[in-house]
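Inside the fold
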Amino acid sequence: CTIRRVLPGVSASGMGLRLSQKFVFLLFLSGLVTLCFGALFFLPDSVRLKRIFLSKTESQPVTVGSENDVREHLKKGAKDPEHLRGITSAKGETSTKLKALSRKPSVTNEAKTDKKDAGGEALEDMMLSRSKTESASKDEKVTSSSNQGANTDTSFDYNKFKKCLLKPPLGIEHGKPSDPQTLQRREKVKEMMKFAWDNYKSFAWGKNELRPLTRNGHIGNMFGGLRGASIVDSLDTLYIMGLMDEYNDAKEWVETSLDLNSNGEASLFEVNIRYVGGLLSAYYLTGEEMFKRKVMVLGEKLLPAFNTPTGIPRGVINLGSGTSWSWGWASAGSSILAEFGTLHLEFVHLSELSNNGIYTEKVMNIRKLLNKIEKPHGLYPNFLSPVSGNWVQHHVSIGGLGDSFYEYLIKSYLMSDKTDEEAKKMYYSALEAIEANLVQKSPGGLTYMAEWRGGILDHKMGHLACFSGGMVVIGADDGAPEKRQHYLDLAAEITHTCHESYTTKLGPEAFRFDGGAEATATRLSDRYYILRPEVIESYMYMWRLTHDPKYREWGWEAVEALEKHCRVEAGFSGIRDVYAQTVSHDNMQQSFFLSETLKYLYLLFSDDDLLPLEDWVFNTEAHPLPVVRKSCLQGEGGTHDKTTSE
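Residues numbered from 1 in each chain as written. Predicted model: local features only at pLDDT ≥ 70, side-chain atom pairs only at ≥ 80, totals over all residues. Heavy atoms only, no water.

As annotated in UniProt, the feature "binding site: Ca(2+)" (unreviewed entry) corresponds to Thr-620 in the numbering used here. Along the polypeptide, Thr-620 turns up in the loop between β20 (616–618) and β21 (624–626). Residue classification places Thr-620 among the buried positions, given a relative accessible area of 5%. Side-chain polar atoms of Thr-620 contact the side chain of Glu-407, separated by 3.0 Å. (UniProt positions renumbered as here; feature names shortened; annotations may be inferred. Helix = DSSP H or I, 4+ residues; strand = E, 2+ residues; numbered from the N terminus. Buried < 20%, exposed > 50% of the residue type's maximum accessible area, 1.4 Å probe, protein only. Polar contact = N/O pair within 3.5 Å; in protein donor to acceptor, adjacent residues only side chain to side chain.)

A separate point is the UniProt feature "active site" (unreviewed entry) in the protein chain. Under the present numbering, the feature "active site" (unreviewed entry) in UniProt falls on Glu-270, Asp-403, Glu-509 and Glu-534. What makes Glu-270 buried here is its relative accessible area of 0%. Structurally, Asp-403 can be placed in helix α15 (residues 403–415). For Asp-403, a relative accessible area of 2% gives the class buried. There is a polar contact of 3.5 Å between the side chain of Asp-403 and the side chain of Ser-404.

Within the element layout of this structure, Asp-577 appears in the loop between β19 (571–572) and α21 (591–604). A distance of 2.9 Å separates a polar side-chain atom of Asp-577 from the backbone nitrogen of Tyr-579. Residue contacts for Asp-577: discarding those within four places in its chain leaves Leu-524, Arg-527 and Tyr-528. (Contact = heavy atoms within 4.5 Å.)

What follows is about the state of the cysteines. As used here, a disulfide is simply a covalent bond connecting the sulfur atoms of two cysteines. Applying the stated criterion across every chain, the model contains two disulfides. Paired through a disulfide, Cys-164 and Cys-632 show a sulfur-sulfur distance of 1.9 Å. Because the torsion about its S-S bond is -90 degrees, the bridge between Cys-164 and Cys-632 counts as left-handed. Pair noted here: Cys-164 is in the loop between α6 (158–163) and α7 (180–204) and Cys-632 is in helix α22 (residues 630–634), with a separation of 468 residues, a long-range link. The same class applies to Cys-164 and to Cys-632, which are both buried. Note on cysteine connectivity: Cys-466 is disulfide-linked to Cys-498, with sulfurs 2.1 Å apart. Looking down the S-S bond of the Cys-466 and Cys-498 bridge, the torsion is -95 degrees, so its handedness is left-handed. Of this pair, Cys-466 sits in the loop between β16 (460–462) and α17 (468–474) while Cys-498 sits in helix α18 (residues 484–501), placing them 32 residues apart in sequence. Summarising the burial analysis for this pair, Cys-466 and Cys-498 share the class buried. Here the protein chain pairs its bonded cysteines, counted in sequence order, in the arrangement 1-4, 2-3. (Disulfide = S-S within 2.5 Å.)

Here it is in structure tokens:
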């Protein structure tokens with residue numbers, strides 16, 4: 001028998017009617033909610049709204065080729081058409097910004113570090129070990145397949161490339177200076193590199209960066225699950241310095257343990273300049289095919305970031321699914337000038353190696369849009385909408401958010417063997433606008449580049465802007481002939497200003513020229529130094545193009561200061577306040593210290609034939625990329641035969 005429970009005072013038929021009414025109401029409400037939820041997906045630029053409701057793995061999938069697919073593609077020769085890092089302030093607080101924003105690295109406070117060390121490192125190491133084993137197995141198959149088809153890959157002729165260089169990459173004697181003092185200083189820089197590398201290998205091998213105080217590794221969330229940033233960033237530095245045992249260890253790790261099948265959120269900019277740039281450079285210097293295979297797989301994984309209404313890539317990409325979005329802090333979902341403007345050098349070389357024009361097409365489309373839209377006073381603001389193609393704010397900076405866009409204009413021209421006239425025109429027009437609106441002279445006679453906010457000048461210059469002395473000097477010979485000396489003078493004045501900011505032989509993150517300040521950090525939050533290379537970068541270029549001995553002296557001052565203030569028992573660390581009597585370290589050995597700072601110092605104390613500027617252009621992470629001599633590469637012969645003897 002069936003027992004039906006009825007509420008007191010309510011008949012069975014009455015209850016049925018009420019239940020029926022409730023069912024109809026709930027059905028109507030469900031339909032309304034479904035309609036509203038679905039409407040979100042038809043709003044303009046709704047990717048960020050989707051991310052609220054969907055997991056990243058459920059977002060629109062984008063098929064990205066495997067390493068085997070890319071290799072097959074190469075064989076066929078197809079021709080298809082204020083950077084996110086947290087920094088620890090002087091008070092120990094962690095904030096999140098950009099290298100484009102100001103290239104501030106990930107540094108968590110030490111209390112959190114200790115807590116993680118106690119609980120998470122063992123699990124993390126176990127997962128890394130497992131990943132390494134799986135990756136090695138995959139790469140073993142790839143290497144075997146590649147060796148079988150090595151003779152059929154006609155996409156890029158490495159031997160012909162070497163013949164198209166004007167000089168041997170490593171010089172006659174690896175750039176060994178004849179002056180004993182200079183040689184001794186170069187050897188010191190080499191010792192610093194070995195010390196930094198050995199400690200990374202001992203305490204952080206396979207992680208992205210070393211924490212020298214706590215003697216452990218740091219991974220961070222900037223590379224989308226990729227590991228070994230310090231290894232990839234160091235490949236060319238180790239090779240150039242002749243540290244061959246260390247280089248071979250790095251090469252073996254890349255071959256067996258660099259797993260590109262990650263599924264995390266990556267900065268398009270950082271992955272491009274460090275991993276793509278580092279692998280490209282390693283290939284061009286050594287001819288190791290493994291580096292080319294790796295970089296082509298990674299390059300293809302970056303392409304979905306360009307799937308926007310304008311072709312301007314978004315700043316963050318999931319390397320597994322291909323889903324991309326803009327930085328959450330970026331105004332109105334905008335893309336950043338220094339990010340989408342710092343892809344050209346690497347992407348041109350991806351096209352060269354793959355014989356696939358898609359990479360060059362992507363970056364040329366960015367340039368086409370920039371040429372089309374109006375620029376306030378000829379200046380390029382830092383924020384651009386990837387949906388509308390319009391500027392979002394009128395904030396202009398030669399430092400964070402803007403810096404490397406301008407650098408890549410002149411370097412694109414130089415890397416094209418001075419055939420890219422469009423890049424040349426854009427660079428000198430931008431430089432003219434910068435001089436007219438941003439270049440200032442302090443009461444004390446120091447030349448600096450201020451920031452521009454909708455027509456109002458902010459009399460501040462960031463450490464990142466100190467690369468501009470080097471930028472201006474490498475372009476001095478190719479502007480109007482009557483302006484050559486002017487550019488040389490401007491470059492020297494900017495470099496002098498940045499040297500003056502190094503009052504303790506190391507300089508702050510930003511310095512000001514108002515309220516009586518002269519190249520001084522007036523705010524506590526601007527006083528840190530995180531092993532940055534930009535000032536030393538300008539010293540190197542100024543030395544190469546003027547041979548004024550003061551630049552080598554200034555570089556040696558920086559070496560002594562790094563040794564005194566930043567060297568600790570297990571590596572090198574940034575410092576929180578360059579003016580403090582007692583040094584407080586930030587517990588982070590940045591990968592760019594190995595890639596840029598130490599490499600530029602080594603080149604500063606080397607002869608000019610080590611990576612000669614006639615043949616090589618450095619990307620913004622100091623990875624040397626060769627000048628593309630199309631007529632030579634497409635012809636029968638080379639420009640010389642010296643390099644074949646190496």
